[in-house]
Amino acid sequence: MKNLKWIVPGILSILFVFASCQPENNSNTGDIVPSSFKIDIPNSISDASSKKSTAEDTLSGGETYEHLRTFIHIGESAADLVQELILAIGKHELNKAMEFTFTSDDDAREKNVSIIENTTFESSEWEYQLTMTDVDSESNADGGFGLQMFWNTDPVDGIAIISPKNLNFNETGNWAQALFRVDYSEAGKMNYEKHMIVSITNLIIGDASTEPYAMQTLKMFVGKNGDIIDVYGNSNHPKASFWEQEDTGFNWAFVASGNDVLDIATAEVGLPMSTLNSTSRTEILKTYSIYNVFTKYISDWYFADTGLLIPEDILEDYLQNTKAPGYFNSEGFIQAEIAPSDQYTVLTENISSLTPYNPNDISNLTISFKVDGSK
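The rules behind each value
- Residues numbered from 1 in each chain as written.
- Predicted model: local features only at pLDDT ≥ 70, side-chain atom pairs only at ≥ 80, totals over all residues.
- Heavy atoms only, no water.
- Helix = DSSP H or I, 4+ residues; strand = E, 2+ residues; numbered from the N terminus.
- Expected span 1.5 Å × (residues − 1).
- Patch = residues over 30% accessible without salt bridge, like charges linked within 9 Å, V, L, I, M, F, W, Y side chains within 5 Å.
- Areas by Shrake-Rupley, 256 points an atom, 1.4 Å probe, with all protein chains shown as cover.
- Salt bridge = Lys/Arg side-chain N within 4 Å of Asp/Glu carboxyl O.
- Lys, Arg positive; Asp, Glu negative; His and termini not counted.
- Charge placed at Lys NZ, Arg CZ, Asp CG, Glu CD.
- Buried < 20%, exposed > 50% of the residue type's maximum accessible area, 1.4 Å probe, protein only.
- Pairing = 2+ DSSP bridges.

Chemist: I would appreciate a short explanation of helix α5 (residues 290-306) in the present structure.
Modeler: Helical periodicity: at 3.6 residues per turn, an α-helix aligns residues three or four positions apart in one direction. Compared with an ideal rise of 1.5 Å per residue, which puts 17 residues at 24 Å, α5 spans 24 Å between its outermost C-alpha atoms and is within 8% of the ideal. The positive-phi residue at the C-terminal boundary of α5 is Gly307, with phi of around 75 degrees.

Chemist: Explain a negative patch on the surface here, please?
Modeler: A cluster of like negative charges, contributed by Glu312, Asp313, Glu316 and Asp317, occupies part of the molecular surface. Mapped onto the fold, Glu312 is located in helix α6 (residues 312-318). For Glu312, a relative accessible area of 61% puts it in the exposed group.

Chemist: Just to check I follow, could you spell out the pairing of strand β4 (residues 145-153) for this structure?
Modeler: Walk down a regular strand and you will see the side chains alternate between the two sheet faces. Across the nine residues that make up β4, a large majority, eight, are buried. With seven bridges connecting them, β4 and strand β5 (residues 156-162) associate as antiparallel partners. Of the residues in β5, the one forming a bridge with Leu147 is Ile162. Joining the antiparallel neighbours β4 and β5 is a turn of two residues.

Chemist: Explanation requested: the pattern of salt bridges in the structure shown.
Modeler: A side chain with one charge can pair with a side chain of the opposite charge if their charged atoms come near. Counted under the stated rule, the structure contains 16 salt bridges. Among the salt bridges present, the one from Glu66 reaches Arg69, with a minimum N-O distance of 2.6 Å. In this pair, Glu66 and Arg69 both sit in helix α2 (residues 61-91), three residues apart, roughly one turn of the helix. With a relative accessible area of 13%, Glu66 lands in the buried category. Here Lys111 ties to Asp107 by a salt bridge, and the two come within 2.9 Å at their closest N and O atoms. The burial state of Lys111 is the same as that of Asp107; both residues are buried. Among the ionic contacts, a cluster of salt bridges with common partners joins Lys38, Asp40, Glu76 and Asp80.

None of the figures reported here should be taken as evidence of function without further support.
As structure tokens, this is what we get:
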């Protein structure tokens, strides 16, 4: 997403200040900054060019699958930004404990920066912690935190948390009030060679009449083994509704598996209410499958409009491409239910063992920085 990229120039200007502020009494000059802090997701299930329906459009099964690519892309964009910041830090060899204040070129406000060694966060030990705050906002409820990173070097393992507002007070886009976090590990956890977890909260959502499927929060897991990338998670859309129903607020709950080399993927999507409090894969993806949700709301809508049961041919027309799973190639969504080729067999098997997060948890997702004295 283009509106994420404004943060990078400001951070890069910070790094030149870092490079001139290294204390002379610290002899640690080794390469401590990870060279990678994200996993690339195949374009087949992560692309910003997915078609977006307007409020006047009737959302089809194919569009529901295609929207998934946009939502996953938003999560990957957050990880891309963190990766760029990590690489920029590494270029300037910012590998020593230090504290200093500088004035940002972006918003002409003072920022405090500290880099410390041997710290704790969320009951884990970390070799390094970097924190940047907006000086005039430090007494605010959010502590003025703009950037905070924790990481270990061998194996690479870390957390990065960003508040765009406190990095640049001039930013007024959808990301201005957001918080996002990337957890990344190459430690072989969770049965993957490497994995990352992307969390986003407080996205500004527009008017339901123009942006009915706007996303407010997201959490997704990405795991990589060889050429196979597994993805699962939820995005919450508090203003979403279907066929003029009163029910409002749905998760796009999803599981997907892709081949990074072939750029193909298989996905299954559920549309549970945002308030659903369940960890059951069957309930989230089967009870609230695209097919079942569309059947219910189309039938209710037709009956309310005509007083009649919907004819089967009309219903089937609406239900095209709603069956699971959905299949994708480098161009996006292809078809549902029937695999285009045997190349998708392993991917289809993979998603059967993946489960999205509890929808209610994602609807109420929070992200917090570490404050002085906290663990």
